[in-house]
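Here is what each chain is made of, one letter per residue.
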Amino acid sequence: AGASIFFLVRILAAIIAAGLLAGLFPRFSQAVADCTLSYSLKRFTLLALLGFGVLVAAPVLVLLLLVSFAGAGAALVLLSAYVLLILLSYFYAAVIAGAALARQIVKRSTFYWRDAVFGMLTLSIIALVPVVGWLVFLILLAAATGAIVSLFYRFAYPKDVDVLEIE
């Protein structure tokens, strides 16, 4: 009985957090959904591969940085950013699932916070399936990670700004 109550509270907390995150940052949620779903299956696959690469390479980089004393500070900052990225990717995987369901069921391309709530509920139910559920969750988590990293990269290094002009 205790495990089932813990499971329900965990799902409820994840649903509330996904709804809050999507409601507080609607433009970013729309950008993540558009980045992963508006283009082709090839683009989705590339984003998932990018996300999977980041999820695998970042801990290896942290371990390599921890070898030296000078890299320990950078490793702690990178580890903090990595943990934050995993948490954001978890919730934005629900955003992607909700946006995909809204586009397929309601035929609507705009994203609302309730789509994230429905996506987290759906993703939590899908994750209960032993092998296939975790595979679907891992693919959506990797795609969300790839989309977030891609959007952050485009924000940090815009194409239309010339570095030599900024003084």
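Residues numbered from 1 in each chain as written. Predicted model: local features only at pLDDT ≥ 70, side-chain atom pairs only at ≥ 80, totals over all residues. Heavy atoms only, no water.

Trainee: Teacher, can you tell me more about the overall build of the protein chain here?
Mentor: Broken down by element type, the protein chain carries 6 helices and 0 strands. Overall, the protein chain shows an N-to-C arrangement of helices and strands of α-α-α-α-α-α. In terms of overall dimensions, the protein chain has C-alpha extents of about 50 × 40 × 30 Å along its principal axes. Taking all 167 residues of the protein chain together, 35% fall into the buried category. A sequence separation of at least 24 residues applies to 74% of the contacts in the protein chain between residues at least 6 apart. Just so you have it, the protein chain exposes about 10,600 Å², and 78% of that area is on carbon and sulfur atoms. Charged side chains in the protein chain number 10 positive and 6 negative. The centres of these two groups are separated by 19 Å. (Helix = DSSP H or I, 4+ residues; strand = E, 2+ residues; numbered from the N terminus. Buried < 20%, exposed > 50% of the residue type's maximum accessible area, 1.4 Å probe, protein only. Contact = heavy atoms within 4.5 Å. Areas by Shrake-Rupley, 256 points an atom, 1.4 Å probe, with all protein chains shown as cover. Lys, Arg positive; Asp, Glu negative; His and termini not counted. Charge placed at Lys NZ, Arg CZ, Asp CG, Glu CD.)

Trainee: Just to check I follow, could you spell out unusual backbone geometry for this structure?
Mentor: Peptide bonds are mostly trans, and most non-glycine residues show a negative phi. Phi is positive for Lys 107, which is not a glycine, with a value near 60 degrees. For Lys 107, the location among the structural elements is in the loop between α4 (71-106) and α5 (113-126). Given a relative accessible area of 64%, Lys 107 falls into the exposed group.

Trainee: Is there a simple way to think about the layout of surface pockets in this case?
Mentor: The computed volume of the largest pocket comes to approximately 210 Å³. Lining of the largest pocket is provided by Val 54, Ala 58, Leu 78, Ala 81, Tyr 82, Leu 84, Leu 85, Leu 88, Val 149, Phe 152 and Tyr 153. Of all elements in the fold, only α3 (41-65), α4 and α6 (132-156) reach the threshold of two or more residues within the lining of the largest pocket. Considering every element that reaches the lining of the largest pocket, the biggest residue donor is α4, with 6 residues. In terms of residue class, the lining of the largest pocket is made up of 11 nonpolar, no polar and no charged. Quantified by volume, the second largest pocket comes out at close to 180 Å³. Lining the second largest pocket are Phe 7, Arg 10, Ile 11, Ala 14, Tyr 90, Met 120, Leu 123, Ser 124, Ala 127, Leu 128, Trp 134 and Phe 137. When contributions to the lining of the second largest pocket are tallied by element, the ones reaching two or more residues are α1 (2-24), α5 and α6. The dominant element in the lining of the second largest pocket, judged by the number of residues it contributes, is α1, at 4 residues. (1 Å grid on protein atoms, 1.4 Å probe; cavity = no way out; pocket = protein on both sides within 12 Å on 5 of 7 lines; lining within 4 Å. Points joined across faces, edges and corners; volume = space filled by probe spheres on them. Nonpolar A, V, L, I, M, F, W, Y, C, P; charged D, E, K, R; others polar.)

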